[in-house]
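# Examination of the molecular architecture
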Amino acid sequence: MKTCLVVELGVVGYGPAWELQRRLAQARKAGAIGDVLLLCEHPHVVTLGRNGKPEHVRASERLLQQMGVEFHPTDRGGDVTYHGPGQLLGYPILNLAEIRRDVVWYVRQIEEALIRASADFGIEARREPGLTGVWVDRPSGEPEKLAAIGVHFSRWVSTHGFAYNVSTDLRYFDLIVPCGIRDKGVTSLERLLGRAVDVAEFRPRLVERFSEVFGFQMESVTPGELEERIEKQAAVMATN
Amino acid sequence: MAVDVVMPQMGESIFEGTITKWLKKPGDKVERDEPLFEISTDKVDAEIPAPASGTLSEIKVTEGQTVPIKTVVALIDSDGAGAAVAAAPAPAEKPAPAPAPAAPAPEPVAAVPAPVAPARSAPAAAPAAPAEARGRIRSSPLVRKMAREQQIDLAQVRGTGAGGRISKRDIEAFVAAGGVAAAPRPATPAAAPGAPAHVALEVAVPRERLYFGRYEVEPMSVMRQRIAEHMVASKRVSAHVYSVDEADVTKIVSLRGKLKDQFEAQTGTKLTFMPFFIRAAVEALRKYPTVNASIDGTNVVLHRDINVGIAVALDWGLIVPVVKGADEKNFLGLQRAVNDLAERARTKRLKPEEVQEGTFSITNPGVFGGLMGLPVINQPNVAILGLGTIQKRPVVIDDAIAIRSMVYLTLSYDHRVVDGAIAHQFLHHIKKTLEGWAEPIL
């Protein structure tokens, strides 16, 4: 069984997390490391995907500043989204060339892991035809988005990933048109369950379901250990 | 030797891809495995490496175009012999004009359907304020970096983003236009003009004319957005006409005055005027079923149920909970339903199904002292009754002037299905029910 490192970064800024992904993706492409799943939370940030429309950010720069929300253009697919405390970010750095060369399959697998992890909490989540992400039907039948997905590939190595609303303050989504979809709302696990739930409670379920869906043996390492491995590997490759 | 660069297949179920960006220009040297272009499918973006080293001799598929997999999108001259390609502009320090066939549209072509109504492009005629006249230039760090790299003065670039923000695309369009200040584009945002639910969020004038002096920008709440969308959609879909009548409600006012305390003591709920109006409307809806209807294309859906939506003003907006089966409730049942729905609307405890399946609506601008209001039809209804404030007025009765409690009744209706004759008879029926009130209320 293939091993995938899982690294919990805690609360980390969007910029530093992106920088780490970029270094890991370089190392992954070079074959210096294996597959990695980064898990973290971000402070309030609005990010705009490569094909995003700036007008989907409703709030002015000034208002974002006033509210302490960072603004960050990125190179992932998808439109605009919001990240903040209570939302679990998962950034898998996988080499699909060694798993399956199919980016749609990859996205569907991520959705599957999130759907199964939601089911562990008794929440029936599903896919919405034609859209990416994980959705839950309100009693009225309207779907609301529980998790967003946006990924980037460079030579079959993935960066970016998913954002799952565990206990996100959903009012921040009012600042944007989430993913450019105006007529559908967002929701969180906490709201669906009607009780307090935090990222730490959801994370182990997600890791297990991720491992199951991709057929990985997950190995938990600290951020420090991850750095050591990258450096050691770089040193080995430099001396070779 | 020319090597074909093809649109790769990024997955089993993927049969086409959109080129979002060329990372090299014709004439550029490329290394094998160096990122050459970027593609996008759904939420997935990917960088595609060059299949061979050499010179990029021709780009066949430009940015924004979607082509089937295996389509040849470019050619690489792998022996380097064709390095000086005639059509390719030499890389220069100044931004070169784009090759003729490649002039990139500011947005991917497929994403910009033509505006629904030609009239909506009218604001485009208004000239954009000169860039220098705007105070601060709104842009992102990415855009500023691009501008620095390409030595562009941002003051010369017209921003099309929110608040005149300059986007990456604006820079690209600026470069493509040879660095000349871009002509004003229609202010209509490109986002999904085909979807009627979104028209409310359009801006009617060029954005730069909105932002001046001192201001604060607040995002609309989700409820506010829904209201905006519903109202604009209703005005666009329905042929609104308005009729006005008035009713003498002296009898009802005195009845309520007399029984108010007893009613509350006996039933535990407050006695208001609303159930009188609901009852009168229900009677009229029974008599004129085309007012209790919806329109589906060329069909009229005549509802057998009479479910009356009551507009409730909230500090944060407006909601229309529905009294279901209003024709099957007695007076007390109507009053209880109205009080209960209004209370739960204000405390955010309405269930989603309680704001659905209305067949007719009533709104009460009179509660704020308004003499009359001309409301927007609450879709998918075809009519809405507006109640003015009840006030004493001098009225001529049998050639004498009397003081009576009067109320203006307005009906906004969809002329596609309800004609004026029906509307006035409908209002008159309500008036007669109110004036000749006979139903016991306790």
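Note that the structure is a prediction, hence the values are computed from the model and not measured.

### Quick look at the overall build of chain B
Of regular secondary structure, chain B possesses seven helices and 19 strands. Burial status across chain B gives 33% buried among its 442 residues. The long-range share in chain B, meaning contacts at least 24 apart out of those at least 6 apart in sequence, stands at 65%.

### Focus: the sheet that holds strand S8 (residues 72–77) of chain B
All names here are of chain B. Judged by pairing direction, the sheet is antiparallel, and its four strands sit side by side in the order S1-S8-S6-S3 without closing on themselves. Strands with a single pairing partner mark the edges of an open sheet, and in this sheet they are strand S1 (2–6) and strand S3 (29–30). Relative to S8, strand S6 (residues 54–59) runs antiparallel, the two sharing four bridges. Its bridge partner lying in S8, Leu 56 is registered against Ile 76.

### Focus: the packing of helix H5 (residues 274–287) of chain B against helix H7 (residues 420–435) of chain B
Residues and elements named next belong to chain B. Close contact between H5 and H7 brings their axes to 8 Å; oriented N to C, the two are set at 135°. In this view, H5 runs oblique relative to H7, as classed from their interaxial angle. Handedness of the crossing formed by H5 with H7: right-handed. Along its contact with H5, which presents Phe 276, Arg 279, Ala 280, Ala 281, Glu 283, Ala 284 and Lys 287, the element H7 presents Phe 426, His 429, Ile 430, Thr 433 and Leu 434. Across the contact of H5 with H7, the residue classes break down as seven nonpolar, two polar and three charged.

### Observations concerning unusual backbone geometry
Residues and elements named next belong to chain B. A cis amide bond, omega 5°, links Gln 379 with the succeeding residue Pro 380. Following the sequence through the fold, Pro 380 ends up in the loop between strand S16 (360–363) and strand S17 (383–387). Despite not being glycine, Glu 357 has its phi angle at roughly 65°, a positive value. The topology assignment puts Glu 357 in the loop between helix H6 (331–346) and S16. Notably, Asp 399 is not glycine yet its phi reads approximately 60°, a positive angle. Residue placement: Asp 399 occurs in the loop between strand S18 (391–397) and strand S19 (400–414).

### Side note on the nonpolar core
Core analysis: the largest hydrophobic core is formed by 91 residues, its most contacted members being A:Val36, A:Val46, A:Leu114, A:Ala147 and A:Leu175. Per-element tally for this core: the top contributor is helix H3 (residues 103–119) of chain A, with eight residues. The residues contacting A:Leu114, other than those within four sequence positions of it, are A:Ala125, A:Val134, A:Ala147, A:Phe162 and A:Tyr164. By size, the runner-up hydrophobic cluster in this structure holds 48 residues, among which are B:Ala284, B:Ile319, B:Ala345 and B:Leu387.

### Let's talk about the sheet that holds strand S3 (residues 45–48) of chain A
Residue and element names in this part refer to chain A. With respect to topology, three strands assemble into an open sheet ordered S4-S3-S5, the strand pairing being mixed. Each of the sheet's edge strands pairs with one partner strand only, and the pair in question is strand S4 (70–73) and strand S5 (80–83). Across the sheet, the mean angle separating the axes of adjacent strands is 20° when strand polarity is ignored. Pairing analysis gives four bridges linking S3 to S4, with the strands arranged parallel. Note on S4: the bridge partner recorded for Val 46 is Phe 71. Along the sheet face, helix H1 (residues 14–29) touches S3, S4 and S5 and points at about 30° away from the line of S4.

### Here we look at H7(B)
All names here are of chain B. Compared with an ideal rise of 1.5 Å per residue, which puts 16 residues at 22 Å, H7 spans 22 Å between its outermost C-alpha atoms and is within 8% of the ideal. Looking at H7, one finds that the buried residues are Ala 423, Phe 426, Leu 427, His 429, Ile 430, Thr 433 and Leu 434. Within H7, the buried residues cover an arc of 150° as seen down the axis, which keeps them to one side. Residues of H7 that are exposed and point more than 90 degrees away from the buried face comprise Gly 420 and Ala 421. Where H7 is buried, its residues contact strand S9 (240–248), helix H4 (250–267), H5 and S19.

### With respect to the packing of H3(A) against helix H5 (residues 199–214) of chain A
Residues and elements named next belong to chain A. Close contact between H3 and H5 brings their axes to 8 Å; oriented N to C, the two are set at 135°. Classed by the angle they form, the pair H3 and H5 counts as oblique. In terms of crossing hand, the pair formed by H3 and H5 is right-handed. Counting all contacts with H3, which are made through Gln 109, Glu 112, Ala 113, Arg 116 and Ala 117, the residues of H5 involved are Phe 202, Arg 205, Leu 206, Arg 209, Phe 210, Val 213 and Phe 214.

### Thoughts on the confidence of the model for chain A
The predicted model of chain A averages 89 in pLDDT, with 94% of residues at 70 or higher. No element of chain A has a lower mean pLDDT than helix H6 (residues 223–239) of chain A, at 77, and none a higher one than strand S6 (residues 87–93) of chain A, at 98.

How each quantity is defined
Residues numbered from 1 in each chain as written. Chains lettered and ligands numbered in written order. Predicted model: local features only at pLDDT ≥ 70, side-chain atom pairs only at ≥ 80, totals over all residues. Helix = DSSP H or I, 4+ residues; strand = E, 2+ residues; numbered from the N terminus. Buried ≥ 20, exposed ≤ 12 C-beta atoms within 10 Å, placed from the backbone. Contact = placed C-beta atoms within 7 Å. Pairing = 2+ DSSP bridges. Axes fitted to C-alpha atoms, helices over the stretch in contact; angles between N-to-C directions. Parallel < 35°, antiparallel > 145°, perpendicular 65-115°, else oblique. Left-handed = near helix turned anticlockwise from the far one by under 90°. Nonpolar A, V, L, I, M, F, W, Y, C, P; charged D, E, K, R; others polar. Core = buried A, V, L, I, M, F, W, Y, C linked by C-beta atoms within 7 Å. Expected span 1.5 Å × (residues − 1). Arc of directions from axis to C-beta. pLDDT = per-residue confidence, 0-100.

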